[in-house]
Every structure is written in C-alpha cells, then in structure tokens.
Amino acid sequence: MPMKSIVYYDGKWTEGDPPLLSAMSHAVWLSSIVFDGARAFEGVMPDLDLHCARAIASCIAFAMKPTLTVQEMVELGKDGVEKFPNGAELYIRPMFWAQEGWISPDPESTQFAMLVYESPLPPASGFAACLSSRRRPAQDQATTDAKASCLYPNAARAMREAVERGFDNAVVLDPSGNVAEFATSNLFTVKDGMAHTPIPNGTFLNGITRQRVITLLREQEIEVIERSLTPADLNEADEIFSTGNHGKVIPIIRYEDRDLQPGPISALARELYWEFAHDNK
C-alpha cells in the first residue's frame, strides 16, 4: 500500500500516525499548540519558507521557544515530500507545542513535529457559502496573531452551521460586524473589475496565499482594494472567491440564495498563482 503520512519527531521520520502528546502535556491540558500548513503538488511547494516562518512567529506569540530555524524546517519539509511519489498532493504541517507549564507554557519544554501527508486539492469548480452567526474574536480577546489550534473550534461551529443549512463553508464576521473571512480561508469579492478584500484588522490572519494573490493581481494591473467589507458587499458582488493554503484559489458558486458563476478575476488569480508556483520551484 502507498504511504499515506509520515511524521518527523525527536530526530527521525516515522510512517503512519505515531502518538505525540502525552496525557500530562500542557498542550493537551491548556491548548498551547500552534501549527502551519504548506502544500506540495505537481512537484512544487510554493512559499514553504513563509509558512515555516509563520509557524515560528506563532510559536513565539504563545511564549514558547522555537527549536528549529526556518531553513531547518524548510529542509525537513522538502525531505518529507521526497519520500512520496513525484507530484503527490500533500499537506505539510509543522507544529510546536509545550509539554510543561502551569497556566503559561514553559518555553524550555517546547516540542516540534513536522507532518507530511496525502491531502488532495479540492476541486476548482467552487463551493457554496452562507453567512455565519459566529464571529472571529478581537485581538485583545484571543491569540489571533497566531495560527493556533485553539481558534479552530469556533471555525468548526461555523462550518457545522453552514453544512446544516446546505452549504459548504461560512462567511465569518469580525466583532464589529464587518466581513473577516471564510471559516477556513481568506475572502475576496469582485465588483466592476476591481477586487476587494477585508483589510487585516487583527481578527484574522493575513494569509500567505492571500498576500501572494494580491501581489500577483496588482502586477497585472488589477486593482485590489483592502478595506472594510460588509455583508451587503457580498450581496452585490459580481464574483466572490477564497484564497488559502488548502485549496489555494477557489471561486464561490453560491452565496446564500445567489447563484454565482466563476468569474474572470478569480480565474486569473488562480492561473497567476499556478504560474507563480511553477516558476518558483
């Protein structure tokens, strides 16, 4: 059988799904665990270095102590990907967590693991989304400056709510009632040929794929405006699309009761991203 997953921990790779956290781990008890996610597909690993750097930044935001450098993490990720067939669609997940501590984690107890596993890219045909009743927390209410596991239960509740209503994903607002993001990715709208995306305000991560797409579109002289978006903007948009590591660039084909067609700007964003990924191996 082909290998499905490998895990680097304590100096070695292990195939399968080995246990990492103990019952007494601070991460199990008080959620001192952060991660990041990069992608390997079609022989490329776009922005792997930036994802590893963000994992380290998240670790520091939790008052933990990174145990590897960005370059060491990048080399580990590449080594793991090479153990799979060429072109395999993979998820690369570095993780830091604390083993010990009282309320605050003990930085000297920080642990690290790198996971590489099969994870097919979702279809580019698009998904349906609705407005969630859940909101992202403000930056003074939660660790929103980190890609932290403890933030995801709220996203999961938004997703469950959406699925129960017959949708695939959910648009989540910030504490002020403006659009923040999808439950699992960043959000763009298009109106009259111009792209709009919520300006980072500390309630959601300024995604690496998001930043890359903004740059690529602007290089093609497509105007991208970062501003506060309201739910009304979604109702009036010509296009809506998402950017994120899991699916990269995906159009929205239904928002609430509106059927939408994948539009030219979202198609261009996806095309440009694929070109960038293959030009920067």
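All figures in this text were calculated on a predicted structure; none of them were measured in a lab.

Please explain the packing of aromatic side chains as it appears in this structure.
Two aromatic rings, taken as a pair, are described by how far apart their centres are and by the angle between their planes. Under the defined criterion, the tally for this structure stands at 11 aromatic pairs. Taken together, a centroid distance of 5.8 Å and an interplanar angle of 25° make the contact between Tyr-9 and Trp-97 stacked. Residue Tyr-9 is found in strand 1 (residues 5-9), and its partner Trp-97 is found in strand 5 (residues 90-98); the two are separated by 88 residues along the sequence. Here Tyr-9 falls in the partly exposed class, since its relative accessible area comes to 25%. Classification of Trp-97 by relative accessible area gives buried; the value is 0%. Considering the side-chain rings of Phe-188 and Phe-241, the 4.9 Å spacing of their centres and the 5° angle between planes classify their relative orientation as stacked. Of this pair, Phe-188 sits in strand 10 (residues 186-191) while Phe-241 sits in strand 13 (residues 239-244), and the two are 53 residues apart along the sequence. A cation sits over an aromatic face here: Arg-270 above Trp-274, 4.2 Å from the ring centre.

Would you mind going over the pattern of salt bridges with me for this structure?
Note on pairing: side chains with opposite charge can pair once their charged atoms come close. This model, assessed by the stated rule, comprises 10 salt bridges. The closest approach of N and O atoms between Arg-218 and Glu-226, which form a salt bridge, is 3.9 Å. The partly exposed category is assigned to Glu-226, whose relative accessible area is 29%. Arg-227 is the salt-bridge partner of Asp-233, the closest N and O atoms lying 3.5 Å from each other.

When you look at helix 5 (residues 208-219) in this model, what are you seeing that I'm missing?
Structurally, the α-helix is built with 3.6 residues per turn, so residues lying three or four positions apart point the same way. Over its 12 residues, helix 5 runs 17 Å from end to end, which matches the ideal 16 Å to within 8%, given 1.5 Å per residue. Every buried residue of helix 5 is listed here: Ile-208, Thr-209, Arg-210, Val-213, Ile-214, Leu-216 and Leu-217. Among the residues trailing helix 5, Glu-221 stands out with phi positive, at a value near 65°.

Explain the packing of helix 5 against helix 7 (residues 264-279) to me, please; I cannot follow it from the model alone.
Between two packed helices, both the angle of their axes relative to each other and the distance between the axes serve to describe the pair. Packing of helix 5 against helix 7 brings their axes to within 9 Å, and their N-to-C directions diverge by 105°. The pairing of helix 5 with helix 7 is recorded here as roughly perpendicular in orientation. For the pair formed by helix 5 and helix 7, the contact residues are Thr-209, Arg-212, Val-213, Leu-216 and Leu-217 on the first element and Ile-265, Leu-268, Ala-269, Leu-272, Tyr-273 and Phe-276 on the second. Of the residues contributing to the contact of helix 5 with helix 7, the split by class is 9 nonpolar, 1 polar and 1 charged.

What's the story with the side chain of Ser-266 in this structure? I'm lost.
Structurally, Ser-266 is set in helix 7. Ignoring sequence-local partners within four residues, the contact set of Ser-266 consists of Glu-239, Phe-241, Val-249 and Pro-251.

I tried to follow the layout of surface pockets on my own but got confused; where do I start?
Left-over empty space is what a probe sized like a water molecule reveals as it rolls over the atoms. Size it by volume and the largest pocket reaches roughly 540 Å³. Around the largest pocket, the lining is made up of 28 residues, and of these Lys-147, Tyr-152, Ala-183, Thr-184 and Ser-185 lie nearest the centre. Put simply, the parts of the chain that give the lining of the largest pocket at least two residues each are helix 2 (48-61), helix 4 (152-164), strand 9 (179-182), helix 5 and strand 13. By residue number, the principal contributor to the lining of the largest pocket is helix 4, which donates 4 residues.

Basis of the calculations
- Residues numbered from 1 in each chain as written.
- Predicted model: local features only at pLDDT ≥ 70, side-chain atom pairs only at ≥ 80, totals over all residues.
- Heavy atoms only, no water.
- Phe/Tyr/Trp six-rings, centres within 6.5 Å; stacked < 30°, edge-to-face > 60°.
- Helix = DSSP H or I, 4+ residues; strand = E, 2+ residues; numbered from the N terminus.
- Buried < 20%, exposed > 50% of the residue type's maximum accessible area, 1.4 Å probe, protein only.
- Lys NZ or Arg CZ within 6 Å of the ring centre and 35° of its normal.
- Salt bridge = Lys/Arg side-chain N within 4 Å of Asp/Glu carboxyl O.
- Expected span 1.5 Å × (residues − 1).
- Axes fitted to C-alpha atoms, helices over the stretch in contact; angles between N-to-C directions.
- Parallel < 35°, antiparallel > 145°, perpendicular 65-115°, else oblique.
- Contact = heavy atoms within 4.5 Å.
- Nonpolar A, V, L, I, M, F, W, Y, C, P; charged D, E, K, R; others polar.
- 1 Å grid on protein atoms, 1.4 Å probe; cavity = no way out; pocket = protein on both sides within 12 Å on 5 of 7 lines; lining within 4 Å.
- Points joined across faces, edges and corners; volume = space filled by probe spheres on them.

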